[in-house]
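Notes for the structure review
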Amino acid sequence: MSKKILIVDDEPSIVISLEFLMEQKGFALKVARTGEEAMQIIHEFMPDLVLLDVMLPNKNGFEICQYVRSTPELAAMKIILLTAKGRKQDIEKGLAIGADAYITKPFSTKNLVETVQNMLEK
Amino acid sequence: MLPNWLVFIISLLYLGILFAIAYYADWRADNDKSIINNPYIYALSLAVYCTAWTFYGSVGRAASTGWGFLPVYIGPTIIAPLWLLVIRKIIRISKQQHITSIADFISSRYGKSTFLGGLVAIIAVVGIIPYISLQLKAISSSYSILTTFMNNSVATANSSNSFFEDTAFYISILLATFAILFGTRHLDASERHEGLVAAIAFESIIKLVAFLFVGLFVTYFLYGGLGDIFSQARRLPDFERFFTINQASGVNWDEWVWITLLSLLAVMFLPRQFHMAVVENTNEKHIEKAIWLFPLYLFLINLFVLPIAVAGLLHFPGNTVDADTFVLALPLTEGHRWIALFVFIGGLSAATSMVIVATISLSIMVSNNIVMPILLRVKSMHISRINDLTWILLMIRRGSIIVLVLWAYFYFRVIAEYYTLVSIGLISFTAAAQFAPAIIGGIFWRGGTRNGALAGLIAGSLVWAFTLPTPFAAEAGLLPDSILTEGLFGISLLRPYQFLGLEGMDPISSSLFWSLLFNIGLYVIVSFSSRASVLEHSQAAMFVKAPWHSANDGRYQLWRGTSSIEVLESLLTRFIGEQSTKKAFFQYAQDHKTDWEKHNEVDQDFISYTEQLLTGAIGAASARVVIASVVKEEPFSVEEMMNILNETQQAISQKKVLEKKSQELEKATADLMKANTRLRELDRLKDDFVATVTHELRTPLTSVRAFAEILHDNPDLRSDQKHNFLNIIIKESERLTRLINQVLDLQKVESKTMELELTDVQMDKVVTEAFEACSQLAEERKVICKTDLPLHVPRVPADRDRLMQVMLNLISNGIKFSKVGAGKVVVKIKVKKEHLQIDVTDNGIGINKKDQQVIFEKFRQINDPDLGKPAGSGLGLTITQKIIEFHQGTLWVKSAPEKGSTFSFTLPINRQEDKTVASN
């Protein structure tokens, strides 16, 4: 059974690019465009990995990450923060609240795909 | 008894030794080989404090009151350490200002006031004369005891003799001679007399040795030591009271405290003490040793007072012999006449030293502060015609010495018979204590004024005169008794011993209390309520800050004047003699490297120097008058006074300016802090702005990069997919370009560097054009666009491209936010009197009140969960608003949730153009 990935982003173009990249590697996908939507899908879909933007309507990526980390049944879920917030303090904050990786936009597609694959093979 | 001639010869011999010592010391001083320039001589010379009162009177007082004799010595011992503060300061001031007496000191401090100086001199003379007469009495009675003592009894005092048969008279004449020879040998600016000091120090040694000798003789020869005396003393009926202090013993603690206070003032401000401690001081360092040497001397001279007193009481029961004479009577009655003679010499030394120094110090005051001012005033014309004034000055000095001694002698013959040694001494002490407030206040408090000092001194001395000398005179029968019992003019509050109703205090304590109370009270109150003259101000400043002053800034120059060297030289020669003048001028020339040949016109500094020299000779007040008479240009011309006043005013206004400046500074600091906070806030905002801009730039860039990489890595993509991805890249690149342009625009409007290219703009045409540009977007979103334009729209001066930008922004916003599916955007132009108003209305979801405030801020976008993220950077409205503001218009929004929004802005119509149109 293929691994499941949830893409959370509100930029349509970026979502399209991520969908293409992940589908190409054979992952099962779902997309959420707002924070609240993401929270819902996380429970229903139980993805193995979440590609999570930070600046989202309703609920930002940090909050979602924190929620996942504080919920026992979601413990195995991997989280990659994928955001245009590139300041040092943002990166530190992201890793501190439990993200498995922090990738700044614009990202290298090769690098992103490798990171995702490594994380899911373990 | 001893034969009269022998005692007389011995006395003369002793005085001869004094003359010799004084002469030798003066001779050494003339050759610059001072023998008195050391702290031991200085401390010994201060022991002039111990007079015949100490020598004879202490034993007398101890015999009647036990410990009661002590406070007079405790006071000086307590105050001695403070001399480092007080006396040292007074010495510095006096050296700087050439002050030679206590009267001059006070007069000088309070603006060189002639009147004040005279007053102090009078108080000093009136207060001290009885004290001098007391010494004469002591000499006289000791002399008669020595020559008439027989079988435990003394012949009655020989006051009935005519004065030419009285030894005391001849001794007085001798003392006056001594004082004249060694106190007025020459006129000197510093008024220092080394011979005098040497002789006084010698006398201090003699009286101490004599007293210790008789003490040892009585204690260890007549009795078997101290233990023996006091064990025998237990036989005395009232032995206990010797060692207790209470009402019964005649001395209580109150009195102890008051007399201690009194004597600690007297030891500094008695004229003779002031003279020895201040005027004759050669080096202020000597004080450091004197502050323990002098108390040590007092301790030693009091060591055997009680044993002698007790021995006397044991020897002469039943008051057959006056206790004041025990020191003489004890050796005499035991047949040791030579010891008695030695004791007599000791007493003589105590008495003569006091008489000599007191007379000299008083004569300086009398001549400088009373006679000279009167002469200068009354006969100034006459005085100015005399070429050599030195001899006149010396004659005044010498004459006043003779008058003072004779006055004292007369006083002794008439009044002093009635009193014991101690009481008259304390009366004089109380008089001297009146100088304390003006002096101590004068050197530590700038605020003390001449009027304050005058009021205090007058009140204090009047209270003193009424509460001490007056009742004594009444008791002596010189004044009616009724003053004592009923009070002055029958007013019971004015009874000297119960002054103002205060009872239960001994006369001395009561008088000291009241006189000091009035003195200090009036000094302070009047000082506060009176104004000081300019000269007073400068003198006050000078006195108060004296210890930190170097000798050079000592002379305050309060007046300008010119004079020539010849004039000043002849003037000075008249007062202090040719030799002293030449010496002084030579000294000055050396110190200041001045060549008199070249500089005939003398400067201000030199005039001050001359005045200082004169001050030493004739007192500060007189010196001022004399100098003023020869220096051209009035010392206090109106102009000069105005200058001084101006300077003062300038100083005051400068102070005000300073105060204002400091207030401004405080305000500036507060402003700076505010600005700093604001800056930090701005810095944070800038930081946020940069973060936001980069975030906004990264987002389209992410898509561009991602799809470029995808296209690159997947050459075999389907062509429709390829087309789709390339489209996204193009769109995102356009977005990036737009964003960069907007950021640049924003930078321009925010730094106010945007330049408008003004042309006459047809606003209706701009609206139509903008609609055309947005038609594609409107079609995509299925939004109906309408315009509502009047027939004639006046041209407005504006930058057409910018206005187009504004319209595009508002219309595309309207399209984006209008009702989904049934959107409608209307643009309306209204022509008002002075401006155009353009309304852009949509039928969208509206904006709530809170959000209306923030939509014009940078990067503020209102996110709607249903609609997702709105397109655009969030800079559009900010820039739009700024552009409108650049055109002197305003932009605002009217909206309510679910009721659509209307963005309106105004543009001023160029009225000048309208006018030209109208005139055409």
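Keep in mind it's a predicted model, so treat the numbers as computed, not measured.

**Some details on the overall build of chain A**
Within chain A one finds five helices and five strands. From first element to last, N terminus to C terminus, chain A shows the α and β order β-α-β-α-β-α-β-α-β-α. Within the span of chain A, comprising 122 residues, buried residues form 40% of the whole.

**A few points about the overall build of chain B**
For chain B, the count of helices and strands is 36 helices and nine strands. Per-residue burial over chain B gives 46% buried out of 920 residues. Here the contacts in chain B between residues at least 6 apart in sequence split such that 81% fall between residues at least 24 apart.

**Details of the environment of L56(A)**
Residue and element names in this part refer to chain A. With respect to the secondary-structure elements, L56 resides in the loop between β3 (49–52) and α3 (61–69). As for L56 and E36, which are separated by 20 residues in sequence, their C-alpha atoms are 9.4 Å apart. Apart from residues lying up to four places away in sequence, L56 is in contact with V8, D10, T34, G35 and G61.

**Notes on the sheet that holds strand β6 (residues 823–831) of chain B**
Backbone-to-backbone hydrogen bonds join strands into a sheet, with any given pair of strands oriented parallel or antiparallel. Residues and elements named next belong to chain B. What the five strands build is an open sheet, ordered β4-β6-β7-β9-β8; its pairing is mixed. Bordering the open sheet on either side are β4 (783–788) and β8 (891–895), each of which pairs with just one other strand. Strand-to-strand, the axes of this sheet are offset by a mean angle of 15°, without reference to chain direction. Here five bridges tie β8 to strand β9 (residues 901–908), and the two strands are oriented antiparallel to one another. The partner of L891 across the bridge, within β9, is F905. Each of β4, β6, β7 (835–842) and β9 touches helix α32 (residues 763–781); the most contacted strand, β4, lies at about 170° to it.

**Focus: helix α21 (residues 450–467) of chain B**
Across its 18 residues, α21(B) extends 26 Å between first and last C-alpha, which sits within 8% of the 26 Å expected from 1.5 Å per residue. Extensive coverage of α21(B) is indicated by the burial of 14 of its 18 residues.

**Let's talk about the interface of chain A and chain B**
Contacts between chain A and chain B engage 20 residues on the former and 19 residues on the latter. At six residues, the largest contribution of residues to the side of chain A that touches chain B is made by helix α1 (residues 12–24) of chain A. In terms of residue class, the side of chain A that touches chain B is made up of eight nonpolar, six polar and six charged.

**Thoughts on the packing of helix α4 (residues 71–79) of chain B against helix α13 (residues 286–302) of chain B**
Residue and element names in this part refer to chain B. Contact geometry of α4 with α13 gives a least axis separation of 9 Å together with a crossing angle of 160°. Taken as axis vectors, α4 and α13 run roughly antiparallel relative to one another. Where α4 crosses over α13, the handedness of that crossing is left-handed. Along the contact surface, α4 presents Y73, P76 and T77, while α13 presents F294, P295, L298 and N302. Considered class by class, the residues forming the contact of α4 with α13 number five nonpolar, two polar and no charged.

**A short note on the nonpolar core**
The biggest cluster of nonpolar side chains holds 201 residues, and the ones touching the most others in it are I106(B), V120(B), L262(B), F269(B), I308(B) and A309(B). Broken down by element, this core gets its largest block of residues, 22 residues, from helix α16 (residues 337–378) of chain B. Core analysis: the second largest hydrophobic core is formed by 37 residues, I5(A), M22(A), V54(A) and I79(A) among them.

**Focus on the pairing of β3(A)**
All names here are of chain A. Neither face of β3 is exposed, since L49 and L51 on one face and V50 and L52 on the opposite face are all buried. Pairing geometry for strand β1 (residues 4–8) and β3, over four bridges, is parallel. Paired with L6 across the strands is V50, a residue of β3. Where β3 meets strand β4 (residues 78–83), four bridges bridge the pair, whose relative direction is parallel. Opposite L51, over in β4, you have I80 as the bridge partner. Following the backbone out of β3, through α3 and into the adjacent parallel β4, one traces a crossover that is right-handed.

**Observations concerning the sheet that holds strand β5 (residues 101–104) of chain A**
Residue and element names in this part refer to chain A. Reading across from one edge, β2-β1-β3-β4-β5 is the order of the five strands in this open sheet, with parallel pairing throughout. Since the sheet does not close on itself, it has two edges, and those belong to β2 (28–32) and β5, each with one partner. This sheet shows a mean twist of 20° between the axes of neighbouring strands, independent of strand direction. As paired strands, β4 and β5 are joined by four bridges and run parallel to one another. If you follow T83 over to β5, its bridge partner there is T104. Sheet strands touched by helix α2 (residues 35–45): β1, β2 and β3. Its angle to β1, the strand with the most contacts, is close to 175°.

**Comments concerning helix α33 (residues 800–817) of chain B**
Spanning 18 residues, α33(B) covers 26 Å between terminal C-alpha atoms, matching the ideal 26 Å at 1.5 Å per step. Every buried residue of α33(B) is accounted for by R802(B), L803(B), V806(B), M807(B), N809(B), L810(B), I811(B), S812(B), N813(B), G814(B), I815(B) and F817(B).

**Notes on the packing of α2(A) against α3(A)**
What describes two packed helices is the angle between their axes and the distance between those same axes. All names here are of chain A. Axis separation between α2 and α3 bottoms out at 10 Å; the angle between their running directions is 20°. One element, α2, and the other, α3, form an angle in the roughly parallel class. For α2 against α3, the interelement crossing comes out right-handed. Contacts between α2 and α3 pair G35, A38, M39 and I42 from the former with E63, I64, Y67 and V68 from the latter. Residue classes in the contact of α2 with α3 are distributed as six nonpolar, one polar and one charged.

**Quick notes on unusual backbone geometry**
Of the consecutive residues K105(A) and P106(A), the connecting peptide bond is found in the cis state with omega at -5°. Within the secondary structure layout, P106(A) lies in the loop between β5 and α5 (109–121). Positive phi values are uncommon outside glycine, yet K112(B) reaches one of about 50°. With respect to the helices, strands and loops of the structure, K112(B) is situated in the loop between α6 (102–109) and α7 (114–148). For K112(B), a count of 25 C-beta atoms within 10 Å translates into the label buried. A positive phi angle is found at Q888(B), which is not glycine, with a value near 65°. By secondary structure assignment, the location of Q888(B) is in the loop between α35 (876–886) and β8. Taking the number of C-beta atoms within 10 Å as the measure of exposure, Q888(B) has 12 and is therefore exposed.

**Topic: the confidence of the model for chain B**
All names here are of chain B. Of the residues in chain B, 85% reach a pLDDT of 70 or more, and the chain-wide mean stands at 81. Overall, residues 154–160 carries pLDDT values under 50, and its contacts beyond four positions in sequence, including any with other chains, amount to 13 contacts. Segment residues 863–870 is flagged for pLDDT under 50; beyond a separation of four residues in sequence, or across chains, it makes 12 contacts in the model. As scored by the predictor, the complex reaches a pTM of 0.58 and an ipTM of 0.93.

**Some words on the environment of T430(B)**
Residue and element names in this part refer to chain B. With respect to the helices and strands, T430 occurs in helix α19 (residues 421–433). By the C-beta count within 10 Å, which is 28 here, T430 ends up buried. Not counting the four nearest positions on each side in its chain, T430 is found in contact with L262, W464, L468, I508, S511, L512 and S515.

Each value, and the rule that gives it
- Residues numbered from 1 in each chain as written.
- Chains lettered and ligands numbered in written order.
- Predicted model: local features only at pLDDT ≥ 70, side-chain atom pairs only at ≥ 80, totals over all residues.
- Helix = DSSP H or I, 4+ residues; strand = E, 2+ residues; numbered from the N terminus.
- Buried ≥ 20, exposed ≤ 12 C-beta atoms within 10 Å, placed from the backbone.
- Contact = placed C-beta atoms within 7 Å.
- Pairing = 2+ DSSP bridges.
- Axes fitted to C-alpha atoms, helices over the stretch in contact; angles between N-to-C directions.
- Expected span 1.5 Å × (residues − 1).
- Nonpolar A, V, L, I, M, F, W, Y, C, P; charged D, E, K, R; others polar.
- Parallel < 35°, antiparallel > 145°, perpendicular 65-115°, else oblique.
- Left-handed = near helix turned anticlockwise from the far one by under 90°.
- Core = buried A, V, L, I, M, F, W, Y, C linked by C-beta atoms within 7 Å.
- Right-handed = clockwise from strand over helix to strand, strands pointing away.
- pLDDT = per-residue confidence, 0-100.

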